[in-house]
Amino acid sequence: MTAAEFRRAGGVSEADLAVLDRHNDIVVLLDSNGLVTYGNPAAQRRLGYSTNEFVGKHMSDFIHPADLDGAVEAVADLQSGAEITPAIFRLLGGDGAWM
C-alpha cells in the first residue's frame, strides 16, 4: 500500500508517515483484524520483505508460534485503551529465519 492509499484508507497523516518512514526501528501498523496495513522502510529492510509480501498479510504470519498469544494480548490491550507495555516477540524474516 502506498502512502497515498494508506491515507485514503483512514490511516495516519502524511506528516506522521514521513516520520515513520525515517525511523530506524521497525514500525508496523495493523488494522483492527490484525492485518498489516503499513511497514516502514526499516521494517521492510530489516525483515527482508517487499511491501507486496508484507502489507495485507495477518500479523500471525510473521510472529513465532510460541510468541503469538503474547502478541495477540498486546494488540488487544492497545485496542481496549489499556496502558501500553513493552512487548517483545520473534518475527519471521524474509529468509525464513526467526529474529
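Residues numbered from 1 in each chain as written. Predicted model: local features only at pLDDT ≥ 70, side-chain atom pairs only at ≥ 80, totals over all residues. Heavy atoms only, no water.

### Some words on the packing of aromatic side chains
Across all of its chains, the model carries three aromatic pairs by this definition. Aromatic side chains Tyr49 and Phe62 sit 5.1 Å apart centroid to centroid with 75 degrees between the ring planes, which places their arrangement in the edge-to-face category. Taken together, the positions of Tyr49 in the loop between α3 (41-47) and α4 (51-54) and Phe62 in the loop between α4 and α5 (68-80) put the pair 13 residues apart, joining distant regions of the chain. Neither Tyr49 nor Phe62 differs from the other in exposure class; each is buried. (Phe/Tyr/Trp six-rings, centres within 6.5 Å; stacked < 30°, edge-to-face > 60°. Helix = DSSP H or I, 4+ residues; strand = E, 2+ residues; numbered from the N terminus. Buried < 20%, exposed > 50% of the residue type's maximum accessible area, 1.4 Å probe, protein only.)

### A word on the pattern of salt bridges
The full count for this structure, using the stated rule, is one salt bridge. Arg90 is the salt-bridge partner of Asp67, the closest N and O atoms lying 2.8 Å from each other. Of this pair, Asp67 sits in the loop between α4 and α5 while Arg90 sits in the segment after α5, and the two are 23 residues apart along the sequence. (Salt bridge = Lys/Arg side-chain N within 4 Å of Asp/Glu carboxyl O.)

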